[in-house]
Structure formats: C-alpha cells, structure tokens
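Reading the structure
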Amino acid sequence: MRCRPETAPDLGAWRGASNTVSRALSLIEMGALDDASVDTLASRVGVGERQLRRLFYQHLGASPIAVAQTRRVLLAKQLIHETHLPMTEIAMAAGFGSLRRFNETFLALFRRPPTALRREVGADVTAGVQGEVSLLLRYRPPYDWPAMLGFLRDRAIAGVESVEGGVYRRTIGLDGLQGTIAVRPTDGDALRATVCFPKLSILPKIIGRLRRVFDLAADPDAIAVHLAKDPALEPLSRLGRVCACPAPGTDSSWPCEPS
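Residues numbered from 1 in each chain as written. Predicted model: local features only at pLDDT ≥ 70, side-chain atom pairs only at ≥ 80, totals over all residues. Heavy atoms only, no water.

1. Side note on the overall build of the chain
To be explicit about the condition: Under the DSSP-based scheme used, a helix requires at least four consecutive residues in state H or I and a strand at least two consecutive residues in state E, with every element numbered from the N terminus. Throughout, exposure labels follow a simple rule: accessible area from a 1.4 Å probe, protein chains only, divided by the maximum for the residue type, with under 20% read as buried, over 50% as exposed, and the rest as partly exposed. The contact criterion used throughout is that any non-hydrogen atoms of two residues lie within 4.5 Å. The accessible surface values rely on the Shrake-Rupley method and a 1.4 Å probe; as for residues, cover is taken only from the protein chains in view.
If you tally the helices and strands in the chain, you get ten helices and five strands. With 259 residues in all, the chain has 44% of them scored as buried. Counting contacts in the chain only where the partners sit at least 6 residues apart, residues at least 24 apart contribute 64% of the total. With the model as given, the accessible surface of the chain reaches about 13300 Å², and the carbon-plus-sulfur share is 53%.

Printed below as a string of structure tokens:
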C-alpha cells in the first residue's frame, strides 16, 4: 500500500531467471492466462505444467496464476488512483471476471474494499461506448522520446499510424474489434496513453503491447554498462544520452503475440 508498486517502471523483475520463465512472463503480460490454463501456457514455452510451476517458484517464489493475479491487481490499483471509472468497469478493465471476484481479491490482499483506495472524491465517469481510458506508462529515465518518436515516424504504416505534434497515434484491432491509441510524453518519467477500445477487458493486452512498442522495460543502467565497453559509445553513455529505441532493423509495428 505504501510503496505503490503499480507506479514503478516495468523493469525486468525476472532478470536472472531462466529463459523459460522470462518467456512465460512475457506471455502472461500479453494475457496468456486470461482465457487459458497454466497447462496451455506451459505447452507454449515447451515444458510440462509441473516443470513450469517449479521454475516459477524457484525464480519468483510464486505460481504463474499468482503472478497473473498480481498484474491484474496492480493495474486495478492504478486505474483506481488515476481515473474515475466506476468500480465495475475497473474490474473488467483489469481482467477480473466479475465485480464480486474483484472485491474479494482486494479484501484478501489489502483488508479493505477497492473504494477505500480512491483518494479523490468525485462522480464516476464511465468509459462510454468507445471505452476511452487514459493512464500513465512509467519508465526509468533517461528516455529519449524525440528519438523514439522519430524512429516510429520513419516507419509509420500509412493509414494505420501517424506521428504529429509529438504524439504517436494508431488504429488497433484485437479479437475482431477495432480501436485507437494515442501516446504522448508527460511529467514524472511517464508516457500518457489514451486507449479507445469497445471492450475494456482487452486493456491489459493493449498495455502489454504498448510497453513493448516503446521499450518501457529497458534498464538504462544495464544498457549504459554494456555500451560503455565500446570506446566510441562510452562517452555518450557516460553523459546519459543512451536512447532506449528499438534495435536498428526491428519492426516498429504493433507487435504480434509472442510465439
């Protein structure tokens, strides 16, 4: 409750874990356990269910289901603090199957109902038909937004993506539905993403893909240490001018679900 983990940059918390765990965590972030079982997830990373559970407890001290639930809870906490969405819509947007399950999870973890976490008093504002939600995507500085925007501008897909006035926009399609996203810089080492999508339960998948597009899990310190080994790059690294852009030649389009 005090450290507000949902406001921290999404760094590689599993750094040092096995490659299998890292791949499984990436799939969980993309919603692999929202509609499928742990056994299905294990098959996708090429191990048995018992082996995957063992690896998760070994490297993370928690089961795959617990990790997925933690991500849902942290997203719900963020939406409670940053929006005035009704609790029913927050429950759906965070991936909970029902308001009852949402309330039970919060009572079990925080010993208080979700409504007790809302600091600002005000009328609920529904997401509406288009499902518009605005929230912060945090990163660890430095982050070269102009360079990232330039990278995306040069590779923008006509009729799908646009970069104007320092804002990245694009249309998206998931589960047979269409929507839009807009991402712009804001204060406090964060990007502000505005998502318009008619199905709020898809929000965790969209957020996961946005974090990948903008490389928000990048650790500038680790990058700097690595680049400092190159004599030509070391001065730039030391000055903190390391760019967290995608690697040259990579695809900047909306990422597919990891295989």
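2. Brief notes about the packing of aromatic side chains
To be explicit about the condition: For Phe, Tyr and Trp, where Trp contributes only its six-membered ring, two rings pair if their centres lie within 6.5 Å, and the inter-plane angle classes them as stacked under 30 degrees, edge-to-face over 60, or tilted in between.
What the rule picks out here adds up to six aromatic pairs. Residues Phe-102 and Phe-106 carry aromatic rings whose centres are separated by 5.0 Å and whose planes lie at 65 degrees to one another, so their mutual orientation is edge-to-face. With Phe-102 and Phe-106 both in helix H6 (residues 99-110) and four residues apart, this pair spans about one turn of that helix. Phe-106 matches Phe-102 in its accessibility class, with the two residues each being buried. Each ring, one from Trp-145 and one from Phe-214, has its centre 5.8 Å from the other, and the planes form 25 degrees; the classification is stacked. With Trp-145 in helix H7 (residues 145-154) and Phe-214 in the loop between helix H8 (203-213) and helix H9 (220-227), the pair connects residues that are 69 residues apart, well separated along the chain.

3. Some words on the nonpolar core
Stated precisely, the cut-off is as follows: Nonpolar cores were defined as sets of buried Ala, Val, Leu, Ile, Met, Phe, Trp, Tyr and Cys residues, with membership established by side-chain atoms within 4.5 Å.
Residues Phe-102, Ile-206, Leu-210 and Phe-214 are the most contacted members of the largest nonpolar core, which totals 45 residues. Filtering out sequence-adjacent residues up to four positions away, Phe-102 remains in contact with Ala-76, Ile-80, Met-87, Ile-90, Ala-91, Phe-96 and Pro-114. Judged by nonpolar contacts, the second largest core, of 17 residues, contains Val-38, Ala-42, Leu-52 and Val-67.

4. Remarks on the pattern of salt bridges
Threshold: The term salt bridge refers to a pairing of a side-chain nitrogen on Lys or Arg with a carboxyl oxygen on Asp or Glu at a separation within 4 Å.
Under the counting rule described, the total for this entry stands at seven salt bridges. The partner of Arg-138 in a salt bridge is Glu-82, with the nearest N and O atoms 3.1 Å apart. Highlighted residues: Arg-138 in strand S1 (residues 132-138) and Glu-82 in helix H4 (residues 64-82), separated in sequence by 56 residues. The class for Arg-138 is buried, based on a relative accessible area of 15%. A salt bridge links Glu-104 to Arg-100; the nearest nitrogen and oxygen atoms lie 3.3 Å apart. Here Glu-104 pairs with Arg-100, and both are found in helix H6, just four residues apart, close to one helical turn.

5. Digging into the pairing of S1
Selection rule: Pairs of strands are assigned from DSSP output, requiring at least two bridges between the strands.
Counting buried residues along S1, five of its seven residues qualify, which places the element largely inside the surrounding structure. In this sheet, strand S5 (residues 190-196) lies alongside S1 in antiparallel orientation, the contact comprising seven bridges. Bridge assignment links Glu-132 to a residue of S5, and that residue is Cys-196.

6. A closer look at the sheet that holds S1
The line we're drawing: Here the axes come from fitting lines to C-alpha atoms, over the contacting stretch only for helices, and the angles between their N-to-C directions go from 0 to 180 degrees.
Taken in spatial order, the five strands line up as S1-S5-S4-S3-S2 in an open sheet, and their pairing is antiparallel. What marks the edges here is a single partner per strand, and that holds for S1 and strand S2 (161-164). Strand-to-strand twist across the sheet, computed as the mean angle between neighbouring axes with direction ignored, equals 20 degrees. Across seven bridges, the pairing between strand S4 (residues 177-186) and S5 is antiparallel. Bridging across to S5, Ile-181 finds its partner in Val-195.

7. Some thoughts on the packing of H4 against H6
Geometry of a packed helix pair, given as the angle between the helix axes and the separation of the axes. Worth spelling out the cut-off: Here the word oblique covers every angle except those under 35 degrees (roughly parallel), over 145 (roughly antiparallel) and from 65 to 115 (roughly perpendicular).
Where H4 contacts H6, the axes come no closer than 11 Å and their chain directions differ by 95 degrees. Here H6 runs roughly perpendicular to H4, going by the angle between their axes. In contact with Gln-69, Val-73, Ala-76, Lys-77 and Ile-80 of H4, H6 contributes Arg-101, Phe-102, Thr-105, Phe-106, Leu-109 and Phe-110.

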